[in-house]
Every structure is written in structure tokens, then in C-alpha cells.
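# Coordinate analysis (summary)
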Amino acid sequence: MENEHVYALVSEEEKREIEEVANNYVEFLSNNKTERECVEYFVEALKERGFKEEEKDKGFFIYKNKFLACWRMGSKALTEGLRIIVSHIDTPRLDLKLHPLFEDMDLTFLKTHYYGGIKKYHWVAMPLALHGVVVKKDGTLIKIVLGEREEDPVFTICDLLPHLSRKKQEDKKLAEAIPAENLNILFGGIPLEKKGKGKKEEKDRVKKRILKLLKEHYDIDEADFVSAEIFAVPAGRARFVGLDKAFVGGYGQDDRVCSFASFEAFLAVERPHYTTLVLFMDREEIGSEGNTSAKSRIFERLIYQLIKAQHLSPTPDIFFEIMHHTKALSADVTAGIDPNYLEVHDKLNDAKVGYGVVISRYTGHGGKYMANEAHAEYVSYLRDIFDKAGVVYQVCSMGKVDEGGGGTVSKYFASYGMDIVDIGPPLLSMHSPFEILHKGDLFMTYKAFKVFLET
Ligand code: MN
Ligand code: MN
């Protein structure tokens, strides 16, 4: 069995499509860096195309501004099942702590608490932007995006110079070299003017001036940070990478590449046979906890809403009947083989970059712990529809068995009885501030999702 490179199999016409999809994707990735921003972007695009909130045939449903579902009724009855694609729109990042602001040596910093699986050394000595919201006590929501425009300042976490870091960093394990409590963002350095000569030295004058600026520009007090969600993310746009521009490099491609591709595929399939439902989940990176996550029961509530809209009785019988006939894709990225670290990969079973979208039959770790494994029958179904449509794909696992592993949302959806499998493009530098995706794999991900929704 020999796989082939995407570029050896696509037509000239498809090569043009690859460029178009990649350009749109770079734009999307550059402008949407948080789950709230993604929800807002998708909702805007849905409204432009005539979708209405909770409308039965062409609708969408938002929960807490962080979870989004959109659907299109098919020509077949709901009880014949759905075609679902679920991805996640949260990404590893640095959250500001609840009481973030402090001053030391006339420098003001913001303390952070990392979210998701990061390598801490990735986050120092690079430009960062702040994205998020502050909700004041009266309910006023203030949006913040600072560090993305040319005229904005950026922020950074300072690293120790090599001249002084031998014992502190070089002699330590990589994971211990930069403690989480040192991930403090440099936020200001100009002290508040003293009031009159000979006055007693005031404490924390830089911090006081920063607080004054926050009040002037955003109407935020120091206490408002406790009801804020502000994330530090890598500043700047996604870019093409390589002399031949083979790759897209950028932050948050896990899993915004699948969110983007599933959304575009959803829009493209205007008259589906089966009802199509595309879901964008939150909190995947920390184990799907909380009421906007895959572990919450928001999905059940949504299905019952769809059942009621079709004038069916909202009973568990109907719910499980629908689930039994439902086919789903857990759209998420996987690791591409990095030739510089072949020792962690199984060349025969891992995903090759540029060889198309990856069906990951199971994830988990060790002896398939915590894994949802797709049944042979379901993988056979997908092979058939993908082959017929000319989707370039590979069926893989991730890494050598004892090297590590990971999980996705698929197991939570599988618990309802639907068939579901993990699928998405392979990435290099996954979970880093600059993840790498092959644009051929991006296109085949989009194509696979489209074929799945229209079949
Ligand atoms: Mn993911
Ligand atoms: Mn992830």
C-alpha cells in the first residue's frame, strides 16, 4: 500500500483551489485568535447568508458566546440521522491571573496562568498581543484586542540572558527551566509624575500610571480584572512558510484549521440529503470541562430543540434513534512526522505532511486508554466516499505507542451512540506559537468535510 503526495494527485484546477482556500484561511487565522472571536466571525458570516438564530431549517445556536452550532435541514427526516462535524475553537494560551498587575524595580508586569498544553520556553522573548473581554460590575462588556495593529504596542515575557542563566536554566530539565510563575508580561515602565518637590516618595508609581491609562482608555479599574477574560497570544498575522510557500505558519491552527474547513464545507453544501450540523466547542484543550465544552450537555439540549422544531415528540427514544443513525467527524489536527525527531514516530503508521487529511482511528495513550476507536465498518464507509470523490487521505495513529498521546472530543460524542472518528490535517510544531500546516493538507481537509456533508 503506497500513499501519494497531494500535489502528485491534484489537477491544475484543484491547484488553483488550494491557493484560494489557503489565502482565505490565512486571513481567518490572522483575525480570530480566541473562541469568542471565532464565534463572532462565524455568526456574522451565517447572518450574511440568511441563517437565523434558532431557525429550524437554516439556523444557528450560540451558548455563552463560546459555543456555536449551525445547521441546515436535509431532504431526509431527522430520524434518519445527522451528518455532524465537531471541532474546537479554544487554543493553548496565557490567561491573565485574577489579580495580575504588580510592580517591581519600577517595571510593571501582568501575571499569567497558562491554559492547555504549552511548552513554557516557547512563550518568552516574543511579541504578544492581548485579546479578551472585561465585564464591569454593571454588566458592561469591554472588548480588548491590543497588539495586532501596526500602531499598537505589543507585550512580551522577558527571558534571562545566556550570560547569567547557566545554573538557572541550562543545567535544568526543559520543563523546569522556566517556571510558570515567571511567565509575567512586561506591561509598563513610566512612573506617575510626583506631585510637587520634596514630597514623600510614592510607592508603585509605574503601576499607578498604568492604572490611570487603563481607566482613560478602557474605563477599567484594577478590581475589574477578576471578572475579565484576557489572554496573551502570539502577536501578528499568519504567514506562508517556505520558498515555495508550501505551508501556512501561525498560532492556533489546532484546531482552527478544522473549524475553518468545516465551516467552509458547511456553507458549500447548500442542499444536503441528511441534516448537517457543524459544532464549535470550547475547553477542549483542558479536557472538555465546563458548560461550553463537549462534556457539557449542551449538545443534547440542541438536538432536543431540533427535534421539537420538526414537530416530533422530544423523547429519549427519538433522541437515541437519531443518534443511532448519525455519522460524525471529530475534526481535529494530528502530529505530522517530523524527520528531525523520527525516534518518536512509527513511520509506517504516522501521518506524513503533504499526504492529505488524516483519519485517526483512535487517539488515547498506552494501551488505547481514554480512546474512542472508530469501528471498521465506519472507516470502510469513509474510505469509499473519499475514494469516489478523489479526497487524498491517510489512515494513521499518532506516535510510537509508549511515547505519549492525547485525546479529543470524539469519546464524548461516541457515548450517545453515533459513529464518530477523528480526522484532520497533520501539523508540525503542534501546540507551539507558530504551528505549521501544509496547504495541500488544508485543501484535502476541506474537501473531505464537504464530501462527508453532502453524501
Ligand atoms: Mn485539537
Ligand atoms: Mn490541542
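Residues numbered from 1 in each chain as written. Chains lettered and ligands numbered in written order. Predicted model: local features only at pLDDT ≥ 70, side-chain atom pairs only at ≥ 80, totals over all residues. Heavy atoms only, no water.

### Considerations on the overall build of the protein
Across its full length, the protein holds twelve helices and 23 strands. At 24 Å, the protein has a C-alpha radius of gyration in line with the 23 Å of a compact globule built from 455 residues. A burial count over the protein gives 51% of its 455 residues as buried. Contacts spanning at least 24 positions in sequence make up 75% of the contacts within the protein whose residues lie at least 6 apart. (Helix = DSSP H or I, 4+ residues; strand = E, 2+ residues; numbered from the N terminus. Rg over C-alpha atoms; globule rule 2.2 N^0.38 Å. Buried < 20%, exposed > 50% of the residue type's maximum accessible area, 1.4 Å probe, protein only. Contact = heavy atoms within 4.5 Å.)

### Considering unusual backbone geometry
Cis geometry marks the peptide bond from D254 to D255, where omega comes out at 15°. With respect to the helices and strands, D255 occurs in helix α7 (residues 253–268). One non-glycine residue with positive phi stands out, namely K245, at about 50°. According to the relative accessible area criterion, K245 is partly exposed, its value standing at 49%. A positive phi is found at H311, a non-glycine position, where the angle reads about 60°. Residue position: H311 is located in the loop between α8 (298–309) and α9 (316–324).

### Some details on the pattern of salt bridges
Counted according to the given criterion, the structure contains 28 salt bridges. Among the ionic pairs, E35 bridges to R93, the shortest N-O distance being 3.2 Å. Here E35 is found in helix α3 (residues 35–48), whereas its partner R93 is found in strand β5 (residues 93–104), with 58 residues between them in sequence. Among the residues examined, E35 registers a relative accessible area of 2% and is labelled buried. Of the charged contacts, one joins D219 and K215 as a salt bridge, the two residues approaching to 3.0 Å between their closest N and O atoms. By relative accessible area, D219 is classed as partly exposed at 37%. Here the residues in one salt-bridge network are E35, R93 and D95, joined through shared partners. (Salt bridge = Lys/Arg side-chain N within 4 Å of Asp/Glu carboxyl O.)

### Description of the coordination of the manganese ion (ligand 2)
Put simply, the ideal angle at a metal is 109.5 degrees for four donors in tetrahedral geometry and 90 or 180 degrees for six donors in octahedral geometry. Binding of the manganese ion (ligand 2) to the protein goes through D254 (OD), E285 (OE), E285 (OE) and H431 (NE2), at separations of 2.1 to 2.5 Å. Between the manganese ion (ligand 2) and the manganese ion (ligand 1), a spacing of 3.4 Å is present, and a bridge between the two is formed by D254. Separated by 31 residues along the polypeptide, D254 in helix α7 and E285 in the loop between β14 (275–281) and α8 bring together distant segments of the chain. Summarising the burial analysis for this pair, D254 and E285 share the class buried. (Donors = N, O, S within 2.8 Å, 3.2 Å for Na, K, Ca; no water.)

### Some points on the packing of α8 against α9
Remark: α8 packs on α9, axes separated minimally by 11 Å, with the N-to-C direction vectors making an angle of 100°. If you check the angle between α8 and α9, you find them roughly perpendicular. Touching F299, E300, I303, Y304 and I307 of α8 are P316, I318, F319, I322 and M323, all from α9. Taken together, the residues of the contact of α8 with α9 sort by class into nine nonpolar, no polar and one charged. (Axes fitted to C-alpha atoms, helices over the stretch in contact; angles between N-to-C directions. Parallel < 35°, antiparallel > 145°, perpendicular 65-115°, else oblique. Nonpolar A, V, L, I, M, F, W, Y, C, P; charged D, E, K, R; others polar.)

### Digging into the sheet that holds strand β2 (residues 58–63)
On the basis of which strands lie adjacent, the open sheet formed by nine strands has the order β1-β2-β3-β14-β4-β15-β21-β17-β19 and mixed pairing. If you trace the sheet from one side to the other, it starts and ends with β1 (52–53) and β19 (393–396), each paired once. When strand β17 (residues 357–360) meets β19, the two strands line up parallel, connected through four bridges. Bridge pairing in β19 links S360 to C396. (Pairing = 2+ DSSP bridges.)

### A few points about the domain arrangement of the protein
Split into domains, the protein comes out as domain 1 (6–91 + 251–454) and domain 2 (93–234). In this structure, domain 1 and domain 2 have C-alpha centres spaced 34 Å apart. Each side of the interface is counted separately: domain 1 has 18 residues, and domain 2 has 17 residues. Across the domain 1/domain 2 interface, buried area totals approximately 1500 Å², and carbon plus sulfur atoms make up 51% of it. Inspection of the region where domain 1 meets domain 2 yields five salt bridges. A salt bridge links E148 to K33, with the shortest nitrogen-to-oxygen separation between them at 2.9 Å. Here domain 1 and domain 2 share ten residue pairs in polar contact (both at pLDDT 80 or more) between them. (Domains from an automatic or database assignment. Buried area = accessible area lost by both parts, 1.4 Å probe. Polar contact = N/O pair within 3.5 Å; in protein donor to acceptor, adjacent residues only side chain to side chain.)

### Description of the packing of aromatic side chains
Taken as a whole, this structure holds 22 aromatic pairs when the rule is applied. Arranged with centres 5.2 Å apart and planes meeting at 50°, the rings of Y25 and F260 form a pair that is tilted. Here the residue Y25 occupies a position in helix α2 (residues 12–31), and F260 occupies one in helix α7, the gap between them amounting to 235 residues. Aromatic side chains F319 and F320 sit 5.0 Å apart centroid to centroid with 90° between the ring planes, which places their arrangement in the edge-to-face category. On the basis of relative accessibility, which here comes to 46%, the residue F320 falls in the partly exposed class. Here the aromatic cluster, defined as three or more aromatic residues joined through ring pairs, consists of Y25, F28, Y41, F42, F260, F263 and F280. Seen from the ring of F51, K58 lies directly overhead, with NZ or CZ sitting 4.9 Å from the centre. Geometry around Y115 places R93 over its ring, the cationic atom sitting 3.7 Å from the centre. (Phe/Tyr/Trp six-rings, centres within 6.5 Å; stacked < 30°, edge-to-face > 60°. Lys NZ or Arg CZ within 6 Å of the ring centre and 35° of its normal.)

### Digging into empty space enclosed by the protein
Summed over the entire model, instances satisfying the criterion amount to one cavity of 30 Å³ or more. By volume, the largest cavity amounts to about 50 Å³. (1 Å grid on protein atoms, 1.4 Å probe; cavity = no way out; pocket = protein on both sides within 12 Å on 5 of 7 lines; lining within 4 Å. Points joined across faces, edges and corners; volume = space filled by probe spheres on them.)

### What about the nonpolar core?
Generally speaking, soluble globular proteins have nonpolar side chains that are buried together. One finds Y25, L46, L329, L382, F386 and F449 to be the most contacted residues of the largest nonpolar core, which totals 61 residues. It is helix α12 (residues 439–454) that provides the largest number of residues to this core, a total of nine residues. In contact with L329, not counting residues within four places along its chain, are I84, I85, V86, Y378, L382, I420, V421, I423, F449 and F452. With 32 residues, the next largest nonpolar core counts A129, V134, L214 and A232 among its residues. (Core = buried A, V, L, I, M, F, W, Y, C linked by side-chain atoms within 4.5 Å.)

### Details of helix α6 (residues 205–218)
For α6, with 14 residues, the first-to-last C-alpha span of 20 Å sits near the 20 Å given by 1.5 Å per residue. Within α6, burial applies to R205, V206, K207, I210, L211 and L214. On the buried face of α6, the contacting elements are β5, β6 (107–115) and β10 (185–188). Of the residues one or two after α6, D219 is the one with positive phi, at around 60°. (Expected span 1.5 Å × (residues − 1).)

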